[in-house]
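Results of the structural survey
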Amino acid sequence: MKIFFAGMLGNPMKTGWQRCQVLKQLGHQVLEFKEEPYVQLGIRRFLHRIDGEAFSKENIRRFNNELLQYCADFAPNLVWLDKCLMIEPETLVKLKKRCPQTILYAHQDDNPFGLRTYEKPFWKRFIECIPFYDVQSVKRPRDHIEFNKHGAKRVLTFITGYFEELVFPEYSKQWEFQVAFAGTQFDNRAANFKTLIGK
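Rules of the game
- Residues numbered from 1 in each chain as written.
- Predicted model: local features only at pLDDT ≥ 70, side-chain atom pairs only at ≥ 80, totals over all residues.
- Heavy atoms only, no water.
- Pairing = 2+ DSSP bridges.
- Helix = DSSP H or I, 4+ residues; strand = E, 2+ residues; numbered from the N terminus.
- Axes fitted to C-alpha atoms, helices over the stretch in contact; angles between N-to-C directions.
- Contact = heavy atoms within 4.5 Å.
- Buried < 20%, exposed > 50% of the residue type's maximum accessible area, 1.4 Å probe, protein only.
- Core = buried A, V, L, I, M, F, W, Y, C linked by side-chain atoms within 4.5 Å.
- Patch = residues over 30% accessible without salt bridge, like charges linked within 9 Å, V, L, I, M, F, W, Y side chains within 5 Å.
- Areas by Shrake-Rupley, 256 points an atom, 1.4 Å probe, with all protein chains shown as cover.
- Salt bridge = Lys/Arg side-chain N within 4 Å of Asp/Glu carboxyl O.
- Right-handed = clockwise from strand over helix to strand, strands pointing away.
- Parallel < 35°, antiparallel > 145°, perpendicular 65-115°, else oblique.
- Left-handed = near helix turned anticlockwise from the far one by under 90°.

1. So, the sheet that holds strand β5 (residues 135-138)
Taking strand neighbours across the sheet as the criterion, the six strands line up as β2-β1-β3-β4-β5-β6 in an open arrangement whose pairing is parallel. A single partner strand is all that each edge strand has here, and the edge strands are β2 (29-34) and β6 (155-157). Going from strand to strand, the sheet's axes swing by 20° on average, the running direction of each strand aside. Here strand β1 (residues 2-7) runs beside β2; their pairing, made up of six bridges, is parallel. When the sheet's bridge partners are listed, Ile-3 is paired in β2 with Val-30. In the packing of helix α4 (residues 89-98) onto the sheet, contacts are made with β3 (78-82) and β4 (103-107), and the angle to β4 comes to roughly 150°.

As structure tokens, then:
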């Protein structure tokens, strides 16, 4: 299968990079499209509070134009957009016209409808694009409700895995606890884990 894979692919610790590698290991022909060159946050972290725009408009334009061109030239069977927050609905419509048999698939690890209001400018385009994907994968069964409300055609629940070349179990008698957490310390996670282990 020919797969056009777009996402944050510059760091092996990014789960998008790991998913891309697994597709290659399965024998698919994969063309990578890295999102990093177009995502320049910097001062945007402050400016988006003023103009409501999380990304540079010029970068958004370049990202959409170049993604459309590379993807259409490749003529893939599947377009995998891994949490691509700069993609615009018009780009998906144009892509479907140029490659009508191509499946448009959106994957993201996070919740675009969460309670973190400061993230809303980042999710704006993603939510607008929901009706234009053929398939979308979400982490939680309850996410199906929100995605369907926003016009999703098909929503699948995925199970988080691990990339064996980077993450593997290693026994150590020196560990103080039998359970370890690997992830990002957001919200009240640290306090919740301390409660769970009785500290």
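What follows picks up the thread again.
2. Details of helix α1 (residues 15-25)
Among the residues making up α1, those that are buried are Gly-16, Trp-17, Gln-18, Arg-19, Cys-20, Gln-21 and Leu-23. The secondary structure elements touched by the buried residues of α1 are β1, β2, β3 and β4.

3. Looking at the nonpolar core
Membership of the largest hydrophobic core comes to 33 residues, with the highest contact counts inside it found for Phe-4, Phe-63, Leu-67, Leu-81, Ile-87 and Tyr-133. Of all elements in the fold, only β1, α3 (57-74), β3, α4, β4 and α5 (120-129) reach the threshold of two or more residues within this core. Broken down by element, the residue count for this core peaks at six residues, all from α3. Setting aside anything within four residues of it in sequence, one finds Phe-4 in contact with Leu-31, Phe-33, Leu-67, Tyr-70, Cys-71, Phe-74, Pro-76, Leu-78, Val-79 and Trp-80. Core analysis: the next-biggest nonpolar cluster, separate from the first, contains 10 residues, Ile-3, Phe-5, Leu-78 and Val-135 among them.

4. As for a nonpolar patch on the surface
A cluster of nonpolar residues, Phe-193, Leu-196 and Ile-197, forms a patch on the protein surface that exposes about 310 Å² of accessible area. Here Ile-197 falls in the partly exposed class, since its relative accessible area comes to 47%.

5. So, the environment of Glu-58
In this structure, Glu-58 sits in helix α3. Glu-58 sits 20 residues away from Tyr-38 along the chain, and the two C-alpha atoms are 9.0 Å apart.

6. Brief notes about the pairing of β4
For β4, the buried fraction is high: four of the five residues fall into the buried class. Pairing of β3 with β4 involves five bridges; the strand directions are parallel. Bridged to Trp-80 within β4 is Tyr-105. In this region the chain leaves β3, passes through α4 and returns to the parallel neighbour β4; the handedness of that crossover is right-handed. Sheet topology places β4 next to β5; three bridges connect them, and they run parallel. In the sheet register, Tyr-105 faces β5, and the bridge partner there is Val-135. Between the parallel elements β4 and β5, the chain passes through α5 in a crossover that is right-handed.

7. Some points on the packing of α3 against α4
Interaxial distance between α3 and α4 falls to 10 Å at its minimum, and their mutual angle equals 15°. In terms of their interaxial angle, α3 and α4 are classed as roughly parallel. Between α3 and α4 the crossing geometry is right-handed. Taking contact as the criterion, the partners of Asn-64, Leu-67, Leu-68, Gln-69, Cys-71 and Ala-72 in α3 are, on α4, Thr-91, Lys-94, Leu-95 and Arg-98.

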